[in-house]
Amino acid sequence: MADKKILINARTIERRVMEIGREIGRDYAGRQLVLLGILNGAFIFMADLARAIDIELEIDFIRVASYGNATSSSGTIRMSKEPELDLAGKDVVLVEDIVDTGTTIAWLRDYFASHDAASVRICALIDKKERRQSEVEVHYRGFTVEGGFLVGYGLDYAEKYRNLPDICTLSP
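The following paragraphs examine the structure supplied in this document. (Residues numbered from 1 in each chain as written. Predicted model: local features only at pLDDT ≥ 70, side-chain atom pairs only at ≥ 80, totals over all residues. Heavy atoms only, no water.)

### What to know about the overall build of the protein chain
Looking only at helices and strands, the protein chain features three helices and nine strands. If you list the helices and strands of the protein chain from N to C, you get β-α-β-α-β-β-β-α-β-β-β-β. Relative to the compact-globule value of 16 Å for 172 residues, the protein chain shows a C-alpha radius of gyration of 16 Å, a close match. Principal-axis analysis of the C-alpha atoms places the extent of the protein chain at approximately 45 × 35 × 25 Å. For the protein chain, with 172 residues in total, the buried portion stands at 45%. Sequence-distant contacts in the protein chain: of pairs separated by 6 or more residues, those separated by 24 or more amount to 65%. When the accessible surface of the protein chain is split by element, carbon and sulfur atoms take 48% of a total near 8900 Å². (Helix = DSSP H or I, 4+ residues; strand = E, 2+ residues; numbered from the N terminus. Rg over C-alpha atoms; globule rule 2.2 N^0.38 Å. Buried < 20%, exposed > 50% of the residue type's maximum accessible area, 1.4 Å probe, protein only. Contact = heavy atoms within 4.5 Å. Areas by Shrake-Rupley, 256 points an atom, 1.4 Å probe, with all protein chains shown as cover.)

Structure representation (structure tokens):
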């Protein structure tokens, strides 16, 4: 088993998610908001975030795959689960667990912007810029992390550790 060290504890995460929820609620008051979660990593963050937003909203999920080896993406992205809601004319907030290289989230931003969404913004629990390859603006950011391999609160290693309440660094 790998060694885990708490980087951001559950209480700190909870407070920050509440702050982001209030900010999104203020920004989208009176508008047609759709939270669009990116599976699998965003599901825990999105559940807590949605409950922290005090305006009427819709929720949907998508799943994307980028092909390459285990440590790097080829840059070829395919949506394997499309949204079920009609997003035309609605404000979309893409909810992601971590923005790392930025390649996938930039592709998704452009994809939904070109499919008649009124606006597309990005909300990420973790903004990690050490390997950034695509220019993206994270409009709603939980935490900025400089480096390290992260797990917990939806973040995984080989589909494990998502259920940890804290965000931890993982080392062999």
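There's more to say after this.
### Overview of unusual backbone geometry
Put simply, L39 and N40 share a cis peptide bond, and its omega is 0°. The phi dihedral of D116 is positive, around 70°, even though this residue is not glycine. Within the element layout of this structure, D116 appears in the loop between α3 (103–113) and β6 (119–127). Non-glycine residue Y153 carries a positive phi angle of around 50°. Under the relative-accessibility criterion, Y153 is labelled buried at 7%.

### Focus: the sheet that holds strand β8 (residues 150–151)
Taken in spatial order, the three strands line up as β1-β9-β8 in an open sheet, and their pairing is antiparallel. This sheet does not close on itself; its edge strands, each paired only once, are β1 (3–8) and β8. Sheet analysis places β1 next to strand β9 (residues 167–171), joined by five bridges and oriented antiparallel. Across the sheet, K4 pairs through a bridge with L170, a residue of β9. (Pairing = 2+ DSSP bridges.)

### Focus: the environment of E19
Structurally, E19 can be placed in helix α1 (residues 10–27). For E19, a relative accessible area of 37% puts it in the partly exposed group. For the pair E19 and L49, spaced 30 residues apart in the sequence, the C-alpha separation amounts to 9.3 Å. A polar atom in the side chain of E19 sits 2.9 Å from the side chain of R16. (Polar contact = N/O pair within 3.5 Å; in protein donor to acceptor, adjacent residues only side chain to side chain.)

### Let's talk about the pattern of salt bridges
In this structure the tally under the stated criterion is 16 salt bridges. Among the salt bridges present, the one from R16 reaches E19, with a minimum N-O distance of 2.9 Å. Of the two residues, R16 and E19 are both situated in helix α1; the distance of three residues between them amounts to about one turn of the helix. In this structure, R162 and D156 form a salt bridge, with 3.3 Å as the shortest nitrogen-oxygen distance. D156 sits in the partly exposed class, given a relative accessible area of 22%. (Salt bridge = Lys/Arg side-chain N within 4 Å of Asp/Glu carboxyl O.)

### Brief notes about α1
Taking 1.5 Å per residue, 18 residues should reach 26 Å; α1 reaches 26 Å between its end C-alpha atoms and fits that length. Residues of α1 that are buried: I13, R16, V17, I20, G21, I24 and G25. Against β1, β2 (33–39), α2 (43–52), β6, β7 (140–144) and β9 lie the buried residues of α1. Between the side-chain oxygen of the N-cap and the backbone nitrogen of R11 there are 3.1 Å, and the N-cap of α1 in question is N9. (Expected span 1.5 Å × (residues − 1).)

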